Every structure is written in C-alpha cells, then in structure tokens.
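# Tertiary structure, described
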Amino acid sequence: MEIKDLLMRLQLQDKLTMKDFLQMSCSSLLQLQLQTEKDLPYAFLQRLLMMDYRSRYVTVTEENSNTCSERSIDKPRINDAPTSVHNALFGKTVCDGESNTKNCIHPMDVQMAVFHCADDFLKQYMVTKLSLCQYALPLLVINPTTQEIECPLWTFRQITKSWKSPEDSGEMTTKAMPIYKAALPMVSVFKLGSVSTSKSLLLNGLINQRHNTFFHRDCPGNSQKRLLMDGVVEIAWYCPSGKDTENFRDCVAFCNLHGDAEENELQRMFLTKFASVNVVFLPNLSQDDKAFDVVVKLFSSSKPLICLLDDDDSAVTEVSEGKYKIGLKNRNRFDITENLTKVIKESLSKPYQAFNLEDALQNSDFKVDEDNEDCKKGKACALDLLEQLKETKLFKIKEKFLPCQGKLWQDWSQKNKDLYRLHGDIEKHKSRIEQDMRIIRKEQRICGLSDLMESFIDNLATLDSNQKTYFLKWLGILMDDRSSVTLLDLQHKYGEKWSTVLSLKKEHCISEKLEMIEQELDNILEQINAAMFGIEHFLREVGQIYEAWKDHKDQIMIKGEMRNISLLPQLAAELMISGYPLELMDGDAAHVPLNWIDAVLNEVIKRLGDKRIFVLSVLGVQSTGKSTMLNAMFGLQFAVSAGRCTRGAFMQLVELSEDMKMQQSFDYVLVVDTEGLRALELAGKETLHHDNELATFVIGLGDMTLINIFGENPSEMQDILQIVVQAFLRMKKVKLSPRCVFVHQNVGDITASEKNMEVKRHLQEKLDKMTQLAATEEECDMKSFSDVITFDITRDVKYFAQLWEGSPPMAPPNPCYSENTQDLKQTIFSNTEISGHLSQSKSFQRGQKLPHFKTRIHDLWNALLNENFVFSFKNTLEISIYRQLETEYGKWTWTLRRAMLMTENKLHNRIENGMLDMVPETFLVEELKEPYEQVKKNMIEYFEESQDKEVLVQWKERFLCKINELHDDLLRGTKRKFDIVIQQREACKKVDEKRSQYENELFNKSKELALKLKDMSNEEESKKEFDSLWTVWVSELTQGMTPIKSITVGEDILRILSEDNERGLVHKQKDSAEYRNILCIRDYSTYISLREHYFCVRDEQMETSSIKQETKMSKDVTKNNNTENNEMFSKSLTSEDQDKIRTVMKDIAREMEEYIKEQPVLTIGYNDSYIQKIKNVVKQKVKKFESEHQKFHFKKELIINLLLYVCEIAERKFTELHVEFKEKNDVKSYLFKM
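Read on for an overview of the structure. (Residues numbered from 1 in each chain as written. Predicted model: local features only at pLDDT ≥ 70, side-chain atom pairs only at ≥ 80, totals over all residues. Heavy atoms only, no water.)

Let's shift gears to unusual backbone geometry. Outside of glycine, negative phi angles account for most residues, and trans bonds account for most peptide bonds. In this structure, Pro 809 follows Pro 808 across a cis peptide bond, with omega equal to 10°. Looking at where Pro 809 falls in the secondary structure, it is placed in the loop between strand E22 (797-799) and helix H29 (815-837). Of note in this structure, Gln 134 is not a glycine but carries a positive phi near 60°. Structurally, Gln 134 can be placed in the loop between helix H7 (120-132) and strand E1 (137-142). What makes Gln 134 buried here is its relative accessible area of 11%. Despite not being glycine, Asn 330 has its phi angle at roughly 55°, a positive value. If you trace the backbone, Asn 330 turns up in the loop between strand E11 (323-327) and helix H11 (333-348). (Helix = DSSP H or I, 4+ residues; strand = E, 2+ residues; numbered from the N terminus. Buried < 20%, exposed > 50% of the residue type's maximum accessible area, 1.4 Å probe, protein only.)

In structure tokens, the structure reads:
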C-alpha cells in the first residue's frame, strides 16, 4: 500500500516511454525549484538527461507539500510564554514541519520508482546515463508489484568502461569493452544486522572519495524511510587510469546489497556465489544469532573474507588465511578505507574467481528482463543477420556485403561533382560524365542486394514496432561488441608504428625502412576506417540501393518476394520519426544523396503532415564535444567516442510537447550533428575543401548553428567562418538567414564571460573585418558579420565548464556543464520566441516547413557543387591574396606572349622576303630569353618580398611551374607553327614550278579513268571512282607534309579569361549567354556598384521612415530582400548614368572590333595571344572609365560579359580569317583550288 501511495504521489501510474521523456516541453527549459511532488520524476529524468549527477538530490519547495522542503527557520510564537535557557536548549521543540519530515520521499525511491515504471528502452537509457554520472547501477531489483527479484541485464548492454592496467610484461595497456562481457574481480559488500557505520559511505571512499557513487545516509535529501531500496543490489566499478597512486591496478567491480543481508537471503547467496572477495559489516553477534551461521559459512569458504566489526576498535587483523577483521569503533573513515583497500588488494593479488556480469545474471535463478518475447525475437533476428559475417574480417565486411556504398558510390559522387566543373568541349565532356554515371549505377544494380541487406530490409519491413526497436538495438550492441576489440587492437598497432616512426625521425633516418613503416601506418588507418561499422552503414546501403534502382524499375526482389522500391524510403522515414538519426551527408564520399533524402522526407511529410521544423546544427573542430553537447541537451545518442567520431552529417527529429508547440512557432527541432573539422588524420588540401564545404552546407541549412570551440580562442573556427561568409555572398540565388552562437567548451573560470569582454570585442572586430574583405572581393555592400549571419556578441557567446569534474575515467560530469547546457537551451528557444513576436507575419517566424527544408537542401547543395573556388582556401585573406597573384600572373604571361608576338612578326617578314627556310629553336630561345628572365625575377621578388609572402609561399612552386610551361609552350608552338607554314609554302612553290607537269599528269590520269568508266551508266559510281583516284593522287603529292590545323578560338577564350578570373564565373556567364545583350540592356544597376561616398538614395524620407522601420522589425528580412535593394539601387543610377555606361561599353566593343580586323591572321595565322591582348585592353579601358567617373565600379560579371561579347566577335572573325589563311598556305587546299 505504501508503494502504491508513493507512485500516486509521484503520479507514475502510467508506463514511461522514451518518446514521452525526450519530448521538448516548457518545463525542460526551466531551472526553477520544483513546486510539487509530481514534478520529481520528470525533474530527475531531465537532470539525468543533461548528465547532472545532482539529479538524485532534487527537492520541492512548496510549503504545504508532504515532502522535505527548504523550510524557513522556526521562530517562537508571539503568545508563547517565556522559557528558561535550559528548556529552550534541551527541551523538546515541536516544529510545524516535524510531522512532514517523516513523509519525505527518499531520493532513491524517486529513482527506483521511475526505473520500475519505465519501459525497457527508457530503463536502458537511464542506467547508461547513471553510469556516465559515475553512479552505482541496479544489478538486482525487487519488482514492487510481484515482489520477484529481477535482473535488468538489458540495461547494461550499452555501457562501455575503459581503464589502464599493467600487463605481465609491466607495459601499461588501455582496455575498453562492454562492461557486461568483462571478466573482472568482484567484491561483494553487505551487512548482517544493524551497524552504525555507513557501508555505502565507506565504499565510496574505495571508489572515488570526491563522489557519492553509492547513495548513503549523509547525502542531501536522505530520509529515515525508504520503500524501494531494501534488497536492491547495486554495482559500480573502479577503473584505474594507470597511475601509481591509485587504489587498485586493475578494474574491480563492487556489488552493494542494500538492507539486511539476513533478510535478503537470495541476493546474498547470489553475491557470495560470484564474488572474488566478500566484505561483511557485522554488529556484535552472539553464537546464537542466525546471522552468525552465515558468518561461519563464509569462513568455511575458500574465498577471501573481510569482516568489519561495529563494536571493535582494532586495526586490520588476519584471523586465518584469507580471513580478515577490521574494527570500526572510534576509528576515522580514512584509516578504515586505507585498511580495507590494502586487504582487498592483497586478496586480489592471489588467484581469484572472475565475475562476468552477463554469465552471472543469465545463470542465476532470477527473472532476466531479456527473457521477454519481443527482446528475444529482436536478438534472434540480429544474431541471424550477423551470422553471415562470422567468417569475414571486420575491415572487409563493408566491401563484401555493402558494395553499393563503397568505391562505386564514391566514384559516382566525384563524377556528379565533375558535372559542375566542365571544360573543353562542354557538351561532349558532360555527355561522357553522364554516361560514366549511368554505368556506375548499372554496376551497383549488378552487385544487387547481398543476403545481409535482404535480411536487414526484411526485418525492418516485417517486425512490429517494439520488435524492430529491439532488433536495431541488438544489432548495434552486437556490432559494437564485435568491433570494439578489433578497433582497440588496430589503434594499439597504430600507436606502436607511430612511435617507431618518431624514433626513426629523431635519428634523422631517411630510409626504405621509414617509408615502409609509414606505408604500414597508412594501411592500418585504412583498416580502422574500414572497420567502422554500424547501423548507419546499413541505412546508407539502403539509400544507395534506392538511388540505383529508382529510375530503372519499380520492383526489387527481397527474400524471394518482389517489393516496391518505395518501401525503402518508407522504412527510413519510420525510423526517422521514431527518433533514429538519418545520414544527411555521407562522411566517406562527402556527398548528399539528394534522391534518397528527397524520398525519405516525402514519406516523413506524408506521415506527419506539413509540419514546421526548427533546424539546429552544430559545427566545430574534431573532438571538441559537439555530439556530447547535443546528447546532453536533447537526450540524443549520437556517437561520442573519441575513437569513433561522427563522420559526415546526421539529422534527427525531436518532437515538441503540445504546450511547447503553442509557445514556439514550430512542431519539431531537427538536430544536425556533423563530423569534426580539421581532422588530423585527414589533413591536406582535400580536407580543407571538404571542411569548408561541410561548414557552409551545415550553417546554410540551420536556422541556428552552434559553433563549438575548445577553450577561449576561436581562431580555428574564424578561418572556416570567413570562407562560409564569402560562399554565402556568392550564392545569390539561395535565400539564407542563418544565425550562430559561439560555444566555448572547457573554460574553467566562472567569470570567463566578464573577463573576456576584450576577447569578444576583438572577435567582433575580426568577424566584421573579414566580412568587409569578403564583401569587397564579391562586390557586395556588407559591413558586418551579422549582415550575413545573424550574431549578437552580447548574447550569442557562451562559456561551458569542463565536462568532467576531475580526471577520467572515474570522474563524474561537472554539474556546471549541465547548467551551461540548460542555459544554452534557453538561449536557443528564447531566440525563437523573440523572432516569433517580431511580427504577426509568417515571414517573420523562425523555422521552416518540411517541404521548404527539402527544397533548401536541394538549392544549397547544388549551389555548393557550383561553387568550387572559395572552398580551396583557408580564409578570406587567402582568397584576396590569391586573386592579386592571378592579376600579377596575367601581367607576367602577357609579357611573354607580347615578346613572342613581336618575334612572330619579325619571322613572318623574313619568310615573306625569302630570307628564312627554317626557324631555329635557338633563335626563339634567344628572343624570349630577356623577357623570360625578367619575368622570373619579378616573380621571385613578388613571392619573397611581398608583405603577404608567408601566405604566397604555398603557391610559389605551382606558379613558377606554370610560367615555365607557358614559356616552353610558346617556344614549341611558335616553332611548330612556322615550320608548318614554311613547309606548306615550299610545297606550294613546288606545285607551281611543276604545274604543267601536274596538269599533264592529271589530264592523262583523267583520260585513262574516262576510258575505263565509259561503259559505266551509273554516274554516282563514276564519281566515286574519280574521287578515290583524286584522293590517292593528292596523298602522293602531300606525303610527309604536316597540314595546317584548324583552330579552336572558343576554348582559347575560356582558358585565357580564366587565367585571372574565376573559371567557374567565366563558364557560368558563358553558359547564361547574357553577354550577347550586354550593349542593349535597359538597366545596368545589377552590374554596377556605386562607391560608398557616392552612394545615396534620393528619397530621404523613404530611408528614414520605411527602411529604418523594416530594419528594426527584422534585420534578416531586410538583408535578404534583394528585389527591394535592387529597386532602391536603380534609383541611384540616373538615366544619364545608364547612358554613360552603355556608351563606354559600345565604344570599347567598337574599338576592339577594329583591333580584331587589324590583326595579321590572314598573313601569319591565328595566335591565342590576340585574345590576351583583347582581355588586357578591355580591362584597361574599364579602369580608365572608372578613374574618370569615380562614382561607378564595374562588377566582375559585367567585365566578363563585355569580354565574352568582344571575344565572340573575335572568334567569328579569327576563324573566318584562319580558314582563308589555311586555303592560301596549305598545299592540299592549294591543290583543290587548281
């Protein structure tokens, strides 16, 4: 009855589930004191969720509550008669709250009540979190309804412990394994009768003196009466970190039986059966006591026994072999703990019986929670699935059983990216890539579904909801079980090899041995990556199967039955809705499978409706605690192990409760967790590109992004943010309004926020400065970081305490970390509330609808694929320096091309005058020597004396190689060109000299052919025979001649314009064909930016009223409303301005047309240097106009469009003239004209 009353007071009549618990509610944002007892369970779970070990000590503050509260000091009543000092101090005082004291709910009763009312999955979650809090875990519990003893083995399945212990060789090794399978010494602790010393308090001294691993009588909130703890056995582990000062050198389990062991005989027998050492707390017993019979049995056992005597004041004494007594009376706790530690260590130094938790519970006579039918079904399905893998090495599994996601998918991803980086013959290149992509998809279909994948999909499709959850849990547990030992072994091998490499490098050893070991290191790293195997890889394979099949056929064979391909996204959607993370970006291929994501989100929309979501993403350098923070904030279970970090990006839905939905403007939070940036094992230019691309994608997707930083210095993330800002400025077609919050992890000083005001100011200045630089580069009018990414320096910088309160592995989480997490959560949702109240208009609401989110993924990813330039740089400054370098490189190349053009003119005159019958290469080298040496000198000076030389050095070798290649190409090209011209002209002369001979020969051959064909009535056959003879004859005459080749001016134009302009922008403008109308467009406002001191809006009234009002309402809306901005801007360009711009454009085009006509293509042939000259002249003309009219600045798009317009005229003219040149100088063409 008491237990029933307890559950009613806590309002725990219904079963608690993970879904109910993980829902975001208004109360989950509050840090207020609890008002009623019914709030205790939820408060306990919420604090446990945040890894706050004070979750055990929650109390209520309501004065009239039937629980212990923080009562005010009792004072005498006004009408009370005066009392003597003796009575006041030593007389019995009746307090108003005395009767309530007896009714306090014991903190452990709250924990156990929640435990008993939770479903199996919530129990497992609870126990996993209790383990992270370094609390003892329930090993044997008594069911409050049936009074049966139960073993919650299932709750231990996700707990992994790690420690360092010495091997027999003396070497210290790291061990990490699921705790249920570890074979360890176990110390059982119980009491027989009542003793004055707290057993749990003494045990805490053995395990961690700074932390209450076991709840004891002196803990906050303790009350005299507890209902659910008597008979419970709790277990905790001592995990050493390898230091000599530690209590134990190996991992030791401690089992503590609460209550009197004489009354809980079954639990006591279980403990003594499996214990390595028994520790018993004893009162003063007589030989007639039943408890004494238990002691006698323990003495007769071969296992070590330590008796702690309540009425004995002696130190440790060995009363017989392996049997010890320690007195408790009048002794301080520290001495007792020291004695007890010493005796346990001595007992464990001898052979002992090891304790395996799984075996012990399964072989007990108690009810095991895993015996329920759904759990057994889920486990059986998982075991059947993994049975197929038993003969395969771990790092070969994905290659053999999941073939669609390996090299094939990575190759397809690269091909898809190449589609956005076409060159040469665009259509031909595009067609070839698309054909390759179709072949890869065909190869994926040929690979088909492995038996493993068929079993996985079939289980997802046929199991009911509960069985499916067990199946996935078991699958994850069993795969982790299999992989943990292999991964630890591989990481150990990697460490050994790396130590060897360091030793060899210290010895300055450069040898084949060093190269061989470094290669072995790379191989081990590949094996580690290949051995990372989880449920996410199964789901990735499902996605690739869908993508390979969807456009081919609707049906797919699974377990001998044809299933519709739409089944696959339906299954994934069900998992996502139930709380499983879905891979958004593949971490291995660095690609978003758009078709798969589309299909899954469509199914989610079908099931949930057109819901609104708030997208929260997190970004940070590797191993800075991103996943841990999300896990603590939302109860998510992203991978958090340092040896198994998140790869790619995953998204997970968190539902809001009804009260929260009413308060906020959305229904779900979509959390996006990402892999760590700047991963050391992936260091290099490719990783730089990948990190910048991932950061831009994640920030662009999120309504808010948490920028996670380790420590107080944000420099590592500043570089990435600069690239993100510049990428956003370039993605003009994607409407983005992201917000970011900086989270500094591991900051110990509680006054960090106040002390770091100067750091914050510097951060703001740095972000603004780099935004201005990026805006200048991209010709945008942005003055601060928050113009691009919303950021409030006073509110959006958070400092988190260090995660652990001490040194792992025994340290509990720091409660301040939990408080910081709660504060951050409040900041996130208070921001959404503020935004929601800005306007009644939906356009001001935070969050987005699911269909819009789906579209945003598409738009953003396609924009990223189109954007290839900025991601290759470390920061905005690098981009600016590189562009300056490209400008200088254009000057250097023109110096060489101009010199060679002058040389060509000299050669042409000499050839025309018959003074040259060959072009010596030495002559060309000599002609180009002086300008080439000068260019190299200028380049060396630029790279070594520039103020940016530390940045420039990374490109020095590449640009020196490029100029060398250009020099050699100019030499070879010019020599080849003139050799052909001379050869062809000599051949034409010979033809002229022997013209009469050739004509006679042609006449005779024609006559012979005519006689031969006179009987042929078919004119076509006669012509065919003549053409064949003509071809043979021409071949004989031109044998050994190199023909003058046709030219590809279009390719030269794109190549030369891309030398000092972004290649992607040049191709984009070319493909759009806007340049063809550049001289006749009505409004140039989108192509011109006004210099700042000239920029003014004529209608000042509009500026001071309407615009300012809109800005105040919502900065995000104003900055993204490009249409309004353009209208405002066009008003600042008068019709006179428009005419000036149009006139100068026409003048430049006309002048360039004249230049094109003047080039000697007809006499000496085409040279690509003409295109560079056109480019240089056009840019000079534009600069001259800008200097004369300082109001205007031509944007890059306008200059490139003008260049393309002029170059297209050049292409037509040069091609036409070159055809004439070829006809005039090519011997074959000359013969055809005879």
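Formed by 294 residues in total, the largest nonpolar core has its most connected members in Trp 237, Phe 456, Phe 634 and Leu 706. Considering each element in turn, this core owes the most residues, 11 residues, to helix H31 (residues 876-912). If we ignore the near neighbours within four places in the chain, the residues touching Phe 456 are Leu 385, Phe 471, Leu 472, Leu 475, Phe 538, Leu 539 and Val 542. Val 1049, Ile 1148, Val 1182 and Leu 1217 belong to the second-largest nonpolar core, a separate cluster that totals 49 residues. (Core = buried A, V, L, I, M, F, W, Y, C linked by side-chain atoms within 4.5 Å. Contact = heavy atoms within 4.5 Å.)

On the secondary structure map, Asn 204 appears in helix H8 (residues 199-207). At 3.2 Å, the side chain of Asn 204 and the backbone nitrogen of Thr 213 are in polar contact. With near-sequence residues (within four places) excluded, Asn 204 lies in contact with Gln 209, His 211, Asn 212, Thr 213, Phe 214 and His 216. (Polar contact = N/O pair within 3.5 Å; in protein donor to acceptor, adjacent residues only side chain to side chain.)

Here we come to the side chain of Lys 323. Its location among the elements puts Lys 323 in strand E11. At a separation of 3.3 Å, a polar atom in the side chain of Lys 323 contacts the main-chain carbonyl oxygen of Lys 303.

Right, let's talk about the pairing of E11 for a bit. Counting buried residues along E11, 4 of its 5 residues qualify, which places the element largely inside the surrounding structure. The sheet contact formed by strand E9 (residues 305-309) and E11 spans 5 bridges and is parallel. Pairing of Leu 308 across the sheet is with Ile 326, part of E11. Hairpin connection from strand E10 (residues 317-320) to E11: 2 residues lie between these consecutive antiparallel strands, with Gly 322 at a positive phi of about 80°. (Pairing = 2+ DSSP bridges.)

Residues Glu 167, Asp 168, Glu 171 and Glu 496 make up a contiguous surface patch of negative charge. In this structure, Asp 168 sits in the loop between strand E3 (160-166) and strand E4 (172-178). Using a relative accessible area of 86% as the deciding quantity, one classes Asp 168 as exposed. (Patch = residues over 30% accessible without salt bridge, like charges linked within 9 Å, V, L, I, M, F, W, Y side chains within 5 Å. Areas by Shrake-Rupley, 256 points an atom, 1.4 Å probe, with all protein chains shown as cover. Salt bridge = Lys/Arg side-chain N within 4 Å of Asp/Glu carboxyl O. Lys, Arg positive; Asp, Glu negative; His and termini not counted. Charge placed at Lys NZ, Arg CZ, Asp CG, Glu CD.)

Another aspect to go through is helix H22 (residues 594-608). Its 15 residues place the ends of H22 21 Å apart at the C-alpha level, agreeing with the 21 Å of an ideal helix rising 1.5 Å per residue. In terms of burial, H22 is a largely internal element, 11 of the 15 residues being buried. All buried positions along H22 are accounted for by Leu 594, Trp 596, Ile 597, Asp 598, Ala 599, Val 600, Leu 601, Glu 603, Val 604, Ile 605 and Leu 608. Contacts made by the buried residues of H22 are with helix H20 (535-549), helix H21 (567-577), strand E16 (582-585), strand E18 (649-655), strand E19 (668-674) and helix H30 (850-866). With its phi angle positive at about 95°, Gly 609 sits one or two positions after the end of H22. (Expected span 1.5 Å × (residues − 1).)

No statement about biological role is implied by the geometric values presented.
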